[in-house]
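Report on the structure
Letter by letter, the chains look like this.
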Amino acid sequence: MEQNGSTLKPSGILGDKHAAEERVPGLLRLFAAGTAMAVALPLKDGELELGRGSPVLGEAQDPRMSRRHARIKFDGRRFWVTDLGSQNGTVVDGEPTPAQSPREAQRVIRMGDSLFVPCADVGPLERRGVVTREGFIRGPAMQGLLEEVTRAARLGFPLHIHGESGTGKEGVARAFHESGPRSAGPFVAVNCAAIPQSIAERLLFGARRGAYSGADADAPGYLQTADGGTLFLDEVVELDLAVQAKLLRALETKEVLALGAAKPKTVDIHICSASNRDLRALVAAGKLREDLYFRIGRPEVTLPPLRQRPEELALLLQREVRQVAPTLGLHLSFVEACLLRPWPGNVRELLVEARGAIQAALMQDAPRVEARHLSPKAGTAFGTGAAPPPPSTPPPELPEPPREAPSRARPLDDDERTRIEQALRQHGGNVAATARALGMHRTQLRRLLERHAIAAPPDSE
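In short, a report on the structure. Here the structure is a predicted model, which means the values were calculated and not measured.

**Side note on the overall build of the protein**
Counting its secondary structure elements, the protein contains 14 helices and 23 strands. Contacts in the protein between residues far apart in sequence, at least 24 positions, make up 66% of those at least 6 positions apart. Total accessible area on the protein is roughly 21700 Å²; 50% of this is exposed by carbon and sulfur atoms.

And the structure:
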C-alpha cells in the first residue's frame, strides 16, 4: 500500500493476493470527538465532501464540524483540501487554511475535533482493519507481514527481519517462534550488539569446566539453551567474522563445540535474525560473511516504520493513556502533534514520549493529555536543531541556519543518511516537505544533500 507518498511492498515470501488489486484513494479517520479509531473513507470518483451528518462518518459524528465543512480531492498524485467556509476552520499539516483556497495535504487534516490522514490506498484498511493480538496493535501492513512470517515458520525456513530501531523486530521474532514446529521449545533472544567480542564465542557456544581461568563448571551457550526451540540473533552483523564462521558451521552441521570440549553436541534450533542495516551492503563491505548471509539472510521481511502505519498511532496513544492514567482524557492536539512527527525511534520512542507527556499532564493536574505536554524534540530526527511547532497555531518559517564552514562539517552517519533518503522518497523528492518532516529548515536540508552527495529527485515548492 502507498501511504503519504511511501510505498509498502510485500516482502514476497509467498506473495500477496491483494497486491494486484486497484488502489482506492481516500482518508484514514483516526480520531473523532475524543476517541481513537481507524476507519477507511474512500474517495468516490476522486472526491469526498465531509461535514456533520455526512453518511460516511456513520454514528461517530463530530458536533464541532460544520454541516458542509471541507472537500477533499485526489488528482492522481496529491490530495487537495478546500475548506467550505466552516465555522471552526480546517487545519492542514498544522496550518489553518483559508476558506475556498485549496491546499495540498500530506500528513494530517483537522476538521472540528476530528483527524484524517490522506492515503493513496485505503483498500488494505477496508479489508483488514486494525486488530489487537497478544497485546500488539496491528494495522493491515503488519498483519500481512505476520502472515508471511507464519508461512516461513511453518515451512521450516530461517527468517531475517529488517527494520528500523523500535519497529518491533523482537515481537515479530516471537510470532515466528510461536508459529513454527518448535513453538513448545525455548525462545532465546540474543542482542549481539551488547556482547563484548572477547566473550562472544563463550556466550554463544558455551564452555567446559577448566576451559579458561575461572571456569569452575560447565556453562551452556545460547545455542545449547535454544535446543528444541528458536534462537533469535538481533543485530547478528555485530559479531566478529571469526565468530560468524563458527556460527555458520554450527547452523550447517547442527553441532556445537563448546570451548574446552572434545566432542560437539547436537542441537536442533530454528534460527531467526534481525538487523536495522542492509545485509548485502555489509557483505560488500566485508563486515558479514557471504556464506553466513546465504544461510540466514533469506527469506527476509521488512518491517514498515511507524510513519507508514498512521492507522496504528492514535490507538497506541489511547491504549497508553488508559493503561498509565485511566482518569486522563486524550486531546485532539496531542494526537495531531504525534501524527505530524516522523518518529525515527518508531513505536518504542512513541510510547516512551507518550508516557513522559502523561506524567507531565498528571504533574500539572491537567484533565487530559495535550500537545503542550509533549517534549518539543520528541519524534523528531536526531541531530536537527528545530522541532515542529504546536499544531494549534500556524508554524512560523524557521530561520535560515547559519552557514557552516566546510572544514567543520561533521560526517553523516549511516542511520542519518538512511533517514534523509527515506524521507525524500516518502515525499517524492519535495525538499520543503522533507525538511518539515525532519524538523529542519529546507535550506539546511539542501546543504546536507549537497555536502554529502545525497541525490534528490527534482521537486516543486
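Once the structure has been displayed, the description carries forward.
**Remarks on the environment of Pro158**
Here Pro158 shows up in the loop between helix H2 (140-154) and strand E15 (159-162). For Pro158, a relative accessible area of 15% puts it in the buried group. Each C-alpha atom of the pair Pro158 and Thr230 lies 9.8 Å from the other, and the pair is 72 residues apart in sequence. For Pro158, the residues in contact, after removing those within four places along its chain, are Phe176, His270, Ile271, Arg295, Arg298 and Pro299.

**Some words on the pattern of salt bridges**
In the structure shown here, the tally under the stated rule is 20 salt bridges. As a salt-bridge pair, Arg78 and Glu104 come within 3.6 Å of each other at their nearest N and O atoms. Separated by 26 residues along the polypeptide, Arg78 in the loop between strand E6 (70-74) and strand E7 (79-83) and Glu104 in strand E10 (residues 103-105) bring together distant segments of the chain. For Arg78, a relative accessible area of 19% gives the class buried. For Arg298, the salt bridge goes to Glu300, with nearest N and O atoms at 3.9 Å. For Arg298, a relative accessible area of 43% gives the class partly exposed.

**Brief notes about empty space enclosed by the protein**
Tallied over the entire structure, the rule returns two cavities of 30 Å³ or more. In terms of lining, the second largest cavity is formed by Arg307, Pro342, Pro344, Ala381, Arg419, Ala423, Gln426, His427, Ala437 and Leu438. For the lining of the second largest cavity, the secondary structure elements donating two or more residues are helix H12 (414-426) and helix H13 (431-438). By residue number, the principal contributor to the lining of the second largest cavity is H12, which donates three residues. Here the residues of the lining of the second largest cavity are counted per class, giving six nonpolar, two polar and two charged.

**Let's talk about the packing of aromatic side chains**
Under the definition given, this model contains three aromatic pairs. For the pair Phe74 and Phe79, a centre-to-centre distance of 4.5 Å together with 35° between the ring planes defines the contact as tilted. Its relative accessible area of 16% is what places Phe74 among the buried residues. Given a relative accessible area of 6%, Phe79 falls into the buried group. Look at Tyr293 and Phe294: their rings are 5.3 Å apart centre to centre, the planes differ by 65°, and that puts the pair in the edge-to-face class. On the basis of relative accessibility, which here comes to 4%, the residue Tyr293 falls in the buried class.

**Brief notes about the sheet that holds strand E20 (residues 270-275)**
Ordered in space as E16-E17-E20-E15-E21, the five strands form an open sheet in which the pairing is parallel. Strands at the two margins of the open sheet, each flanked by one partner only, are strand E16 (187-191) and strand E21 (300-302). Strand-to-strand, the axes of this sheet are offset by a mean angle of 20°, without reference to chain direction. Set on the sheet, H2 makes contact with E15, E20 and E21; between it and E21 the angle comes to about 165°.

**Digging into the packing of helix H9 (residues 310-324) against helix H10 (residues 332-339)**
Relative orientation and spacing of two packed helices are given, respectively, by the angle between their axes and the distance between those axes. It is the contact of H9 with H10, at a shortest axis distance of 10 Å, that shows an interaxial angle of 140°. On the basis of the axis angle, H9 is oblique to H10. Remark: the crossing between H9 and H10 carries right-handed chirality. Mapping the contact onto sequence places Pro310, Leu313, Ala314 and Leu317 in H9 and Phe334, Val335, Cys338 and Leu339 in H10. Here the contact of H9 with H10 is built from residues that sort into eight nonpolar, no polar and no charged.

**Thoughts on the sheet that holds E7**
With respect to topology, four strands assemble into an open sheet ordered E5-E6-E7-E10, the strand pairing being antiparallel. Looking at the sheet topology across the chains shown, the edges are occupied by strand E5 (47-50) and E10. Averaged over all neighbouring strand pairs, the angle between strand axes comes to 30°, with direction disregarded. In the sheet, E5 pairs with E6 via four bridges, with the strands oriented antiparallel.

**Focus: the packing of H13 against helix H14 (residues 442-451)**
Where H13 meets H14, the axes come as close as 8 Å, and the angle between the chain directions of the two elements is 100°. Relative to H14, H13 is oriented roughly perpendicular. Side by side, H13 and H14 meet where Val431, Ala432, Thr434, Ala435 and Leu438 of the first sit next to Arg442, Leu445, Arg446 and Leu449 of the second. Here the contact of H13 with H14 is composed, by residue class, of six nonpolar, one polar and two charged.

**Brief notes about the side chain of Ser54**
Along the polypeptide, Ser54 turns up in the loop between E5 and E6. Aside from chain neighbours lying at most four places away, what touches Ser54 is Glu49 and Gln61.

**Some remarks on unusual backbone geometry**
Between Arg298 and the following residue, Pro299, the backbone shows a cis peptide bond with an omega angle of -5°. Even without glycine at this site, Asp93 takes up a positive phi of about 50°. By the secondary structure assignment, Asp93 is in the loop between strand E8 (90-92) and strand E9 (95-97). With relative accessibility at 16%, the residue Asp93 sits in the buried group. With a phi angle near 65°, Gln100 is a residue other than glycine that sits in the positive phi range. Tracing the sequence through the fold places Gln100 in the loop between E9 and E10.

Parameters and conventions
- Residues numbered from 1 in each chain as written.
- Predicted model: local features only at pLDDT ≥ 70, side-chain atom pairs only at ≥ 80, totals over all residues.
- Heavy atoms only, no water.
- Helix = DSSP H or I, 4+ residues; strand = E, 2+ residues; numbered from the N terminus.
- Contact = heavy atoms within 4.5 Å.
- Areas by Shrake-Rupley, 256 points an atom, 1.4 Å probe, with all protein chains shown as cover.
- Buried < 20%, exposed > 50% of the residue type's maximum accessible area, 1.4 Å probe, protein only.
- Salt bridge = Lys/Arg side-chain N within 4 Å of Asp/Glu carboxyl O.
- 1 Å grid on protein atoms, 1.4 Å probe; cavity = no way out; pocket = protein on both sides within 12 Å on 5 of 7 lines; lining within 4 Å.
- Points joined across faces, edges and corners; volume = space filled by probe spheres on them.
- Nonpolar A, V, L, I, M, F, W, Y, C, P; charged D, E, K, R; others polar.
- Phe/Tyr/Trp six-rings, centres within 6.5 Å; stacked < 30°, edge-to-face > 60°.
- Pairing = 2+ DSSP bridges.
- Axes fitted to C-alpha atoms, helices over the stretch in contact; angles between N-to-C directions.
- Parallel < 35°, antiparallel > 145°, perpendicular 65-115°, else oblique.
- Left-handed = near helix turned anticlockwise from the far one by under 90°.

Remember, this is a structural readout, not a statement about activity or role.
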